[in-house]
Amino acid sequence: HYDRIACLVKTNGQFANFLDKMGQLSESLNCASYTNLHVINKEVTILEHSKFREGYGPEVLLDKKEGIYYLSEGNVNHYIVFDLGKEYYLKSIQMTIHNFECSVKTFKISLKTEGSSNFELVGQYECEPYWKTMKAQEFDVKAVGRIVRLDLVNNWGPGGGKFILVKRLYFN
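First, a word on what this report is: a plain description of the structure on this page. On a predicted model such as this, the values are computed, not experimentally measured, just so you know. (Residues numbered from 1 in each chain as written. Predicted model: local features only at pLDDT ≥ 70, side-chain atom pairs only at ≥ 80, totals over all residues. Heavy atoms only, no water.)

Observations concerning the nonpolar core
Nonpolar side chains tend toward joint burial in soluble globular proteins.
Here is step 1: Ranked by internal contacts, the top residues of the largest apolar core, which has 30 residues, are Phe82, Ile93, Met95, Val104, Phe107, Leu152 and Phe171.
Here is step 2: Element by element, the count of residues in this core is highest for strand 3 (residues 76-96), at seven residues.
Here is step 3: When residues no more than four places from it in sequence are discounted, the contact partners of Met95 are Val104, Phe107, Cys127, Lys135, Ala136, Gln137, Phe139, Leu150, Val166, Arg168 and Leu169.
Here is step 4: Leu71, Cys102, Phe163 and Leu165 belong to the second-largest nonpolar core, a separate cluster that totals five residues. (Core = buried A, V, L, I, M, F, W, Y, C linked by side-chain atoms within 4.5 Å. Buried < 20%, exposed > 50% of the residue type's maximum accessible area, 1.4 Å probe, protein only. Helix = DSSP H or I, 4+ residues; strand = E, 2+ residues; numbered from the N terminus. Contact = heavy atoms within 4.5 Å.)

Below, the structure written as structure tokens:
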């Protein structure tokens, strides 16, 4: 029985390795069809958003309006909807935050393709803690879409006020 179990374990390990390699190949083939990957912030527009603190609107995220950062009005469940201008393969987003507790902690990204009426959830993400890094953090999206919904779920805590803060956002 030991030999049969050992053989099953070995086969299972080989199968798992095969699945990992297939996943990597699939990802590389998907990316290979998109050769011109770059930041597209200039063509991005904002379609709608929840309430924000006056003077700290979402245009700041895209460097379309002068400001230090974006601040939601309230510390839970806010959103911003972006139009990329046309359908893109969105490899990732990069986000910078500030060293305040009110910096975004958890957020979701959903995409809508041209002709679709519904958003499809791509993923839920958690930023590095605000005290750890001020560098841009990158979050994989790896999906095709034109309309991007960014749901800002919560922040790290009450320090800095009842806001959700995001410094900059870049679409790759």
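More follows now that the structure is in view.
Section: the packing of aromatic side chains
Here is step 1: Under the defined criterion, the tally for this structure stands at eight aromatic pairs.
Here is step 2: Ring centres of Phe107 and Phe139 lie 4.9 Å apart, and the angle between their planes is 90 degrees; this geometry places the pair in the edge-to-face category. Remark: Phe139 occurs in strand 6 (residues 137-155) and Phe107 occurs in strand 4 (residues 104-112); sequence separation between them is 32 residues. The two residues Phe107 and Phe139 agree in class, both being buried.
Here is step 3: Taken together, the ring pairs connect Tyr56, Tyr69 and Phe100 into an aromatic cluster. (Phe/Tyr/Trp six-rings, centres within 6.5 Å; stacked < 30°, edge-to-face > 60°.)

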